Structures are given as C-alpha cells and as structure tokens.
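# Breakdown of the fold
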Amino acid sequence: MKYFSKLLDGIQKVYKFLIIVAMAIFTVVIILSVIWRYALGNPITWSEQLCRFMFVWAIMLGIPIYYREGLATYLDLLVEKFPEGIKNTVSIIMDILVGLFGAFYGYSSLLYIMQAGATKFQGLGLPSGFVYASELACSIFLVLCAIESILKKIISFNKSETGKGGSNK
C-alpha cells in the first residue's frame, strides 16, 4: 500500500506541475491576446482556442487531486449522523461509485478519442483527441485514487476492529 501511495504521490506532483504550466500558458496567452487586440489592432486568432484547451486540461487534471486530497464532499452532512460502522461502509461505497464513474468516464473519453480520429481543430491544427485525452488522464488517475482510498479505509477499519477485539481479551 505504501508503494502504491508513493506512486500516486508522484503522479499527483506531475499533474500539479502540468496544471501550473497550463495556467501559466493560459495567463500569458490571454495577456498577449489583449495587447495584440487592443494595442496593435490585430487579434491572435488561435489564442481563444489554446486558452480553452489549457483551461480544460487544468480542470481535468485537478479533479482527481481534489478528490484525493479529500476536498470533494459527498453527503457529508448526512453521513456524519450515522454510527461509525455505517459511516465507514457508506464512505467505501461512495469511493466505489467514484471509481466506477471514473472507469465509465475513461471508457467514454477513449471512445471520443477514437471517434475524433485525425480531425484537427482549425485554429491550432491540433488533433481533436487532444481535449478528450485530458478526460482520459483525469479518469485513470481518479480510478487509482478511488482504489487507494478504498484500500486505506478497509485497512484502517480492519485495524480498528482488530484493536477492539484485542482489548476485550
């Protein structure tokens, strides 16, 4: 489990770096686009498309990080009222649902990439699958994060159950 978490830590660092790069490109291109449009009177035709792509990539790479860091909420107010055992079970079920959604989303994005084929976006000349690849990257990491979360919860639940059983003897 420790090695799996370290692997995900490494992937998360790469994703964070890519988000920073995407947002830096986004910011620089927007500034240049405004300067070109209003100061020089000649708009950059590809700037809007590139910024949209960078924004999509930043969002898609950020979703699994958001989930892994525990920033995503799901029925917290309701679940907090449950007894501890039920709370753990519901939490694991929610992680399973996230993993299943990630798998379905990944499969769907793979289909989109394959359907896009060699078609290219006019402004940048990038393949259409470029945007859908961000969804695939999101879903793969999301599934891995859900697996990690499920395993951690099962391990901690088993440790707490073993600790309770051991103290009664």
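Heads up: the structure comes first, above all this text.
Below is a summary of the structure that appears in this document. (Residues numbered from 1 in each chain as written. Predicted model: local features only at pLDDT ≥ 70, side-chain atom pairs only at ≥ 80, totals over all residues. Heavy atoms only, no water.)

This part takes up the overall build of the chain. When you go through the chain residue by residue, the secondary structure sums to five helices and zero strands. Taken over C-alpha atoms, the radius of gyration comes to 21 Å for the chain, far larger than the 15 Å a tight globule of 169 residues would show. Reported as C-alpha extents along the three principal axes, the dimensions of the chain are approximately 80 × 35 × 30 Å. Here the analysis covers contacts within the chain between residues at least 6 apart in sequence; of these, 74% occur between residues at least 24 apart. (Helix = DSSP H or I, 4+ residues; strand = E, 2+ residues; numbered from the N terminus. Rg over C-alpha atoms; globule rule 2.2 N^0.38 Å. Contact = heavy atoms within 4.5 Å.)

Right, let's talk about helix α4 (residues 84–116) for a bit. With 33 residues, α4 extends 47 Å from end C-alpha to end C-alpha; this agrees with the ideal 48 Å at 1.5 Å per step. If you check which residues of α4 are buried, you get Lys87, Val90, Ser91, Ile92, Met94, Asp95, Gly99, Gly102, Gly106, Ser108, Ser109 and Ala116. Taken from the residues just after α4, glycine 117 is the one with a positive phi, measuring 55 degrees. (Expected span 1.5 Å × (residues − 1). Buried < 20%, exposed > 50% of the residue type's maximum accessible area, 1.4 Å probe, protein only.)

Moving on to a nonpolar patch on the surface. Judged by side-chain polarity, Val28, Ile31, Leu32, Ile35, Trp36 and Leu40 come together as a nonpolar surface patch covering roughly 530 Å² of accessible area. Examined against the element boundaries, leucine 32 turns out to sit in helix α1 (residues 2–39). According to the relative accessible area criterion, leucine 32 is partly exposed, its value standing at 34%. (Patch = residues over 30% accessible without salt bridge, like charges linked within 9 Å, V, L, I, M, F, W, Y side chains within 5 Å. Areas by Shrake-Rupley, 256 points an atom, 1.4 Å probe, with all protein chains shown as cover. Salt bridge = Lys/Arg side-chain N within 4 Å of Asp/Glu carboxyl O.)

Right, let's get into the nonpolar core. With 18 residues, the main nonpolar core has Tyr15, Ile19, Leu61, Ile65, Tyr67, Ala137 and Phe141 as its most contacted residues. Of all elements in the fold, only α1, α2 (47–68) and α5 (129–168) reach the threshold of two or more residues within this core. Ranked by residues supplied to this core, first place goes to α2 with eight residues. If near-sequence neighbours (up to four positions away) are discounted, tyrosine 67 is found in contact with Ala72, Asp95, Val98, Leu142, Cys145, Ala146 and Ser149. (Core = buried A, V, L, I, M, F, W, Y, C linked by side-chain atoms within 4.5 Å.)

Right, let's get into the layout of surface pockets. Estimates place the volume of the largest pocket at around 200 Å³. Surrounding the largest pocket, eleven residues form its lining, Tyr67, Arg68, Gly70, Ser149 and Lys153 being those nearest its centre. Elements with a minimum of two residues in the lining of the largest pocket: α2 and α5. A total of five residues in the lining of the largest pocket trace back to one element, the largest contributor, which is α5. Along the lines of polarity and charge, the residues of the lining of the largest pocket split into four nonpolar, two polar and five charged. (1 Å grid on protein atoms, 1.4 Å probe; cavity = no way out; pocket = protein on both sides within 12 Å on 5 of 7 lines; lining within 4 Å. Points joined across faces, edges and corners; volume = space filled by probe spheres on them. Nonpolar A, V, L, I, M, F, W, Y, C, P; charged D, E, K, R; others polar.)

Now for a positive patch on the surface. On the surface, a cluster of positive charge is contributed by Lys2, Lys6, Lys13 and Lys16. Topologically, lysine 6 is positioned in helix α1. Classification of lysine 6 as exposed rests on a relative accessible area of 54%. (Lys, Arg positive; Asp, Glu negative; His and termini not counted. Charge placed at Lys NZ, Arg CZ, Asp CG, Glu CD.)

What follows concerns the packing of α1 against α2. Two numbers describe a pair of packed helices, the interaxial angle and the distance between the axes. At a minimum axis separation of 8 Å, α1 and α2 run at an interaxial angle of 155 degrees. Comparing the axis directions of α1 and α2 gives the class roughly antiparallel. With respect to the hand of their crossing, α1 and α2 are arranged in left-handed fashion. Among the residues making up the contact of α1 with α2, the classes are represented as 18 nonpolar, five polar and three charged. (Axes fitted to C-alpha atoms, helices over the stretch in contact; angles between N-to-C directions. Parallel < 35°, antiparallel > 145°, perpendicular 65-115°, else oblique. Left-handed = near helix turned anticlockwise from the far one by under 90°.)

Note on placement: lysine 16 falls in helix α1. Each residue touching lysine 16, except ones within four places of it in the same chain, is listed here: Ile65 and Glu69.

Glancing now at the packing of aromatic side chains. In this structure the tally under the stated criterion is six aromatic pairs. Measuring from centroid to centroid gives 5.2 Å for tyrosine 112 and tyrosine 132, while their planes differ by 25 degrees, and the two rings are stacked. Here the residue tyrosine 112 occupies a position in helix α4, and tyrosine 132 occupies one in helix α5, the gap between them amounting to 20 residues. Clustering of aromatic rings is evident, with ring pairs tying together Phe53, Trp57 and Phe130. Against the face of tyrosine 3 rests lysine 2, its NZ or CZ located 5.7 Å from the ring centre. (Phe/Tyr/Trp six-rings, centres within 6.5 Å; stacked < 30°, edge-to-face > 60°. Lys NZ or Arg CZ within 6 Å of the ring centre and 35° of its normal.)

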